[in-house]
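Tertiary structure, described
What follows is the residue order along each chain.
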Amino acid sequence: MGIFYDEENRLFFIETANTTMCLAVVDEEGFLNNVYYGSRVGRDDLFYLIGGKENPSVPSRNDRDRGCYFDKARLEFPSGGTGDYRTPAITLRDPDGHDSSLFTYVSYRISETKEDMYAFMADGRKVRMPATFAGDSKAACLEIELEEKVLGIRAFLSYSVFEDSDAIVKSVKVVNNSDTTVMIDRLLSSNLDLDLSAFGNHQPELITLSGSWARERRLDRRPISRGNSEVYSTRGESSHQFQPFSALCEKNTDDSHGTVYAQNLIWSGNFVCGAGMDQFETVRSYIGISPEHFTWDLKPGESFQAPEAVLVFTEEGFDGMSHIFHDLYRSHLIRSPYLHMERPVLINNWEATYFNFNTEKLLAIASDAKKYGIEMLVMDDGWFGKRDDDNSSLGDWHVNEKKLPGGIKRLSDELEKIGMKFGIWFEPEMISPDSDLYRAHPDWAISSPGRVPTRIRNQYVLDITRSEVRDYVYECVAKILRSADISYVKWDMNRQLADLGSLGLKGSEMGRLSYLYTLGVYELQGRLLEEFPDLLLENCSGGGARYDAGMLFFSPQIWCSDDTDAYERLSIQAGTEMIYPLSTMGAHVSASPNHISGRVMPFDVRGAVALSGTFGYELDITAIPDEERAAIPEQVAIYHRVGDIVREGDYYRIARVSDIGLYDAWMSVAKDKKRALLTYVQCKGSPQTGKRLIKLKGLDPEKRYDLKLIGADTEGSRFCSHGKKHAWNVFAPGCVSGRSLMNAGILMPVLWGEYGQMMLEITEREN
Ligand code: DGJ
């Protein structure tokens, strides 16, 4: 791992253990090209890859047709308007409206210190932006300074690598050294131009994650062609609809094999992300904040910081990609003290009661929950103002004494007596039109003059770009947290931004709003964790609309989706796990029939699916069937026994129900490969198909393993056919080598009935 500069050939080598990115300073004028990114190569003079140092590879020898160079070169920081007609990474506009720019090399700096990233609110408050940090690992960092001579703008491109990771993280800062304001119309965090040879000279495919409310992060795969294919959010959050992520891969790339070039943005607001092929079949992949609803009037002396992007290259398919993201985020992004800790098994009252609860009901749930091994009660929406449905009171963060006589303190004291921890829900960024806060401060809602703001879920968004609004919001949350023993906060956001307008911004500053809004969220959560360092924070946005790397900088877990149906969750969680570690994934067992889908599902299947995330319950434990309640202690025990493998291990995809329709299977394997957990979920029975061969992954071929069925009816009732019960060991081996388990596989039974699950605890046999 390291970063090296070959001065003679003007080449930068950014190296991780298994990859190299090589950048070249081309021509006397100094255009920055990306010469190579892929598997590790030598520090050779790679200039030949871009056609050498002669015309037409360098524009100064071809003054007659410089455009031919700009439109063809593999540019690292392409700017608009000077001959590169592809998607630019930056577009600037001078006060007279000219929008062409061209950046050339000035200098570089290599260091071993990864500096924190900061940006500024409109009132000048400095906010730490989410970004990777070195942690316990060594880092190597490169900053390349480029300049736009005519406009007097400098761009600082930062690259960092860590000793224990194959990811490269990138960011861009732009500084105005001129004496006039220059508009930034577009500034992406990463641009990567790749030759088709990176994909075996075939058209690559683009992987993105898309969905909707209750249907987040489904895998999309499509070939890219000439022209761009992109995903985006203009909603002021990373969104249910798309992820700030894309991956380019070869046609035959699968979970275990094949080339992947992936990118993910550490940002929780608007973004754009995509790829396309040009006339010369160069593939351009890009990611950054969305140019929609964005302009930044960069005043003299000001700087603008774009969020950090993560680039991953691997030849080990999607599992290989996920391992790099998961390890990077666990070691270099998530700061919470809970990251490596067993999280308390929680029970959330949302699906149990919705708004209809009081202290007695919550305590009844809590006492029952305690008996069955659950450790924390989370009180969801509806405890404040006069909120009996979702039409009022957001902003009025004082307890509803009718529901909770004696207030939050009494409830938390009672919970303490029972021996339960206490968590609470907030939606701090919002304001209901029917609230005391709105009646007092209607101008605190984001809105555009002369326009009735669009209501979504009958609420408006607070203008947290203004410091007085942010300070008020902060105090509301902090006051409650100071008033009682509260271990956990669920921070929700249930609508998107619209009608962008702020009284704190004037004229051309208005284009800053969506960026500053996201920064405002970061400032609030950063401040909260500073005052309450032991708080377990779970982010949420109408389910999983803000499941992104930016939020992971603040909260070690995020509510994955409002869809708690275990079948639906298979695809939602599989998509989420492509990028984010399982330790971050809020997953609960809920009641059947499921409230969103109406699907009826056995309790053990609901448990098995939730056990691959931060485990908990979302049901009225006092009202579920006795046999379900009786099954809870075993599920909780499994969580305590194997939770560390899920949290810390390597994740492997075995089968996706979205591909094969019949079943889904995945594994978590401890880093030392001594323990693993296989979860197999049957979605459809299929008579006469015999058994299913599953090849395990990630084990040590030299070790021998015992396989133990956990969390199922080992008596065999799930395996019965024609009234005969088969014992599990008819299908499972005794002690087998990792080599056989991975190359030959194991036979899983076709379970009786529609939905079924099997969890296998796999343990190295020591002797
Ligand atoms: C959306 C969340 O995803 C739910 O879990 C719940 O907290 C509701 N909001 C409450 O309004």
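Keep in mind the model is a prediction, meaning the values are calculated, not measured.

Taken together, 13 residues lie around the ligand, and Asp380, Asp381, Lys490, Asp492 and Asp562 are the ones closest in. Measuring from an oxygen atom of the ligand, one finds a side-chain N or O atom of aspartate 380 at 2.6 Å. The side chain of tryptophan 425 places a nitrogen or oxygen atom 3.1 Å from an oxygen atom of the ligand. For the ligand, whose unbound accessible area comes to 290 Å², protein coverage reaches 98%. Taken together, the residues of the shell around the ligand sort by class into four nonpolar, three polar and six charged.

We now examine the sheet that holds strand β23 (residues 346–348). The sheet built from eight strands closes into a barrel, its strands ordered β23-β24-β25-β28-β29-β30-β31-β32 with parallel pairing. Averaged over neighbouring strand pairs, the angle between their axes works out to 30° when direction is ignored. Taken together, the four bridges between strand β25 (residues 421–426) and strand β28 (residues 488–491) define a ladder with parallel strand orientation. The residue of β28 that forms the bridge with glycine 423 is tyrosine 488.

Turning our attention to unusual backbone geometry. Following serine 592, the chain continues into proline 593 via a peptide bond in cis, with omega recorded as 0°. When you line up the elements, proline 593 lands in the loop between β31 (585–590) and α11 (603–610). Of note in the backbone geometry, tyrosine 354 takes a positive phi value of approximately 50° without being a glycine. Mapped onto the fold, tyrosine 354 is located in the loop between α3 (350–353) and α4 (359–371). Positive phi, close to 50°, is recorded for arginine 457, a residue that is not glycine. Looking at the secondary structure, you find arginine 457 in the loop between α6 (436–440) and β27 (460–461). A residue is classified by how much of its surface remains accessible, and arginine 457, at 27% relative accessible area, is partly exposed.

Within the secondary structure, glutamate 568 is located in helix α10 (residues 566–577). Its relative accessible area of 17% is what places glutamate 568 among the buried residues.

The next point concerns the sheet that holds strand β2 (residues 11–15). What links the strands of a sheet is backbone hydrogen bonding, and the strands pair in either a parallel or an antiparallel sense. Pairing is antiparallel across the open sheet formed by four strands, whose spatial order is β1-β2-β3-β4. Single-partner strands in this sheet number two, and they are β1 (2–6) and β4 (31–39). This sheet shows a mean twist of 15° between the axes of neighbouring strands, independent of strand direction. In this structure, strand β3 (residues 19–26) lies alongside β4, joined through eight bridges in antiparallel fashion. Bridge pairing links cysteine 22 to tyrosine 36 in β4.

The subject of this paragraph is the pairing of β2. Counting buried positions along β2 gives five out of five residues, so the element sits mostly inside the fold. Burial along β2 is two-sided: Leu11, Phe13 and Glu15 and Phe12 and Ile14, pointing in opposite directions, are all buried. Here five bridges tie β1 to β2, and the two strands are oriented antiparallel to one another. Along β2, the bridge assignment pairs tyrosine 5 with phenylalanine 12. Between β1 and β2, which pair antiparallel one after the other, the connecting turn spans four residues, and arginine 10 there sits at a positive phi close to 55°. Of the strand pairs in this sheet, β2 and β3 are connected by five bridges, and their pairing is antiparallel.

What counts and how
- Residues numbered from 1 in each chain as written.
- Predicted model: local features only at pLDDT ≥ 70, side-chain atom pairs only at ≥ 80, totals over all residues.
- Heavy atoms only, no water.
- Near = heavy atom within 4 Å.
- Polar contact = N/O pair within 3.5 Å; in protein donor to acceptor, adjacent residues only side chain to side chain.
- Areas by Shrake-Rupley, 256 points an atom, 1.4 Å probe, with all protein chains shown as cover.
- Nonpolar A, V, L, I, M, F, W, Y, C, P; charged D, E, K, R; others polar.
- Pairing = 2+ DSSP bridges.
- Helix = DSSP H or I, 4+ residues; strand = E, 2+ residues; numbered from the N terminus.
- Axes fitted to C-alpha atoms, helices over the stretch in contact; angles between N-to-C directions.
- Buried < 20%, exposed > 50% of the residue type's maximum accessible area, 1.4 Å probe, protein only.

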